[in-house]
Amino acid sequence: QLQLVESGGGLVQPGGSLRLSCAASGTIFSLNDMGWYRQAPGQQRELVASITSGSGTKYVDSVKGRFTITRDNAKNTLYLQMNSLKPEDTAVYYCNARYRRNPSVVEFIAWGQGTQVTVSS
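Residues numbered from 1 in each chain as written. Predicted model: local features only at pLDDT ≥ 70, side-chain atom pairs only at ≥ 80, totals over all residues. Heavy atoms only, no water.

**Q** Teacher, can you tell me more about the overall build of the protein here?
**A** Helix and strand counts for the protein come out as zero helices and 11 strands. The C-alpha atoms of the protein give a radius of gyration of 14 Å, which matches the 14 Å a tight globule of 121 residues would have. Overall size of the protein, expressed as C-alpha extent along the three principal axes, is 50 × 25 × 25 Å. Within the protein, the fraction of its 121 residues that count as buried is 38%. Of the contacts made within the protein by residues no fewer than 6 positions apart, 55% connect residues no fewer than 24 positions apart. When the accessible surface of the protein is summed, it comes to about 6,500 Å², and 48% of that surface belongs to carbon and sulfur atoms. Both charge centroids of the protein, one from 12 positive and one from 8 negative side chains, sit 4 Å from each other. (Helix = DSSP H or I, 4+ residues; strand = E, 2+ residues; numbered from the N terminus. Rg over C-alpha atoms; globule rule 2.2 N^0.38 Å. Buried < 20%, exposed > 50% of the residue type's maximum accessible area, 1.4 Å probe, protein only. Contact = heavy atoms within 4.5 Å. Areas by Shrake-Rupley, 256 points an atom, 1.4 Å probe, with all protein chains shown as cover. Lys, Arg positive; Asp, Glu negative; His and termini not counted. Charge placed at Lys NZ, Arg CZ, Asp CG, Glu CD.)

Following this line, the structure appears as C-alpha cells:
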C-alpha cells in the first residue's frame, strides 16, 4: 500500500509563489507516473501536471510557463513549484501516483488527502 502526504499549501497574493510537496511512503515494487490534480468548488477535478518515472512532463495549458513539476526518486517525493499565481489557481491540490506492488503489470493508484491553495489579495 502506498501513502501520499501533501504539504505546502496556503494563502498567497496574486503573483506570488508556492511550492507543494508530496511524500510517498509504503512497501511497493515501483513508483511510476505521478501527478498533481486540483479541484475548485463546484468544479470537476482536473489534471494540472504529470511526470513519468523518467521525468517526462506534461501540463494543462492554463499553467504552462508558470508551474513546474519535478520528482526526487531517491526521496520518493513529488513537487509542484507554482509561480505567478492567479486567483483562478485557487483549489484543493491533490497528489496522485501509479505504482506496482510486485513485478506484475498491474498498476494501482494512490491519492493524497489534498492541500488547499488560495490565491487572494
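Structure's up, so let's keep going.
**Q** Looking at this structure, how should I read the pairing of strand β11 (residues 115-119)?
**A** Consecutive residues of a regular strand have side chains that alternate between opposite faces of the sheet. Going residue by residue along β11, you find Thr115, Val117 and Val119 tucked away on one face and Gln116 and Thr118 left uncovered on the opposite face. In terms of strand pairing, strand β9 (residues 91-100) meets β11 through three bridges, oriented antiparallel. Bridging across to β11, Tyr93 finds its partner in Thr115. (Pairing = 2+ DSSP bridges.)

**Q** When you look at the packing of aromatic side chains in this model, what are you seeing that I'm missing?
**A** The geometry of two aromatic rings is summed up by the distance between their centres and the angle between their planes. For the structure shown, the criterion picks out two aromatic pairs. Summarising the aromatic geometry, the rings of Tyr37 and Trp111 are spaced 4.9 Å apart at their centres and angled 65° between planes, so their arrangement reads as edge-to-face. Residue Tyr37 is located in strand β4 (residues 30-39), and its partner Trp111 is located in strand β10 (residues 108-111); the two are separated by 74 residues in the primary sequence. Trp111 gets classed as partly exposed once you look at its relative accessible area, which sits at 38%. The interplanar angle of 35° and the centroid separation of 5.9 Å between the aromatic rings of Tyr99 and Phe108 together place this pair among those described as tilted. Positioned above the aromatic ring of Tyr94 is the side chain of Arg45, whose terminal nitrogen or guanidinium carbon lies 3.7 Å from the ring centre. For the cation-ring pair, Arg101 lies above Phe108, with the distance from its terminal atom to the ring centre recorded as 3.7 Å. (Phe/Tyr/Trp six-rings, centres within 6.5 Å; stacked < 30°, edge-to-face > 60°. Lys NZ or Arg CZ within 6 Å of the ring centre and 35° of its normal.)

**Q** Quick question: what am I supposed to make of the side chain of Asn32 here?
**A** Along the polypeptide, Asn32 turns up in strand β4. Sequence-distant contacts of Asn32, that is, excluding residues within four places in its chain, are made with Ser53, Arg71, Arg98, Tyr99, Arg100 and Glu107.

**Q** Honestly, the sheet that holds strand β3 (residues 18-25) in this entry has me stumped. Any pointers?
**A** A sheet is described by the order of its strands in space; here four strands give the open sequence β1-β3-β8-β7, paired in antiparallel fashion. The sheet is open, and its two edges are formed by β1 (3-7) and β7 (67-72), each paired on a single side. Each adjacent strand pair in this sheet contributes to an overall mean axis angle of 15°, direction not counted. As paired elements, β3 and strand β8 (residues 77-82) share six bridges and run antiparallel to each other. Within β8, the position partnered with Arg19 by the bridge is Gln81. (Axes fitted to C-alpha atoms, helices over the stretch in contact; angles between N-to-C directions.)

**Q** When you look at the layout of surface pockets in this model, what are you seeing that I'm missing?
**A** Empty pockets left among the atoms are what a rolling probe the size of a water molecule brings to light. Quantified by volume, the largest pocket comes out at close to 190 Å³. Together, 14 residues line the largest pocket, and Asp33, Met34, Leu47, Ser50 and Arg98 are the ones closest to its centre. Of all the elements in the fold, those that place two or more residues in the lining of the largest pocket are β4, β5 (46-51), β6 (57-59) and β9. Counting residues per element, the lining of the largest pocket draws most heavily on β4, at four residues. The class makeup of the residues in the lining of the largest pocket is five nonpolar, six polar and three charged. (1 Å grid on protein atoms, 1.4 Å probe; cavity = no way out; pocket = protein on both sides within 12 Å on 5 of 7 lines; lining within 4 Å. Points joined across faces, edges and corners; volume = space filled by probe spheres on them. Nonpolar A, V, L, I, M, F, W, Y, C, P; charged D, E, K, R; others polar.)

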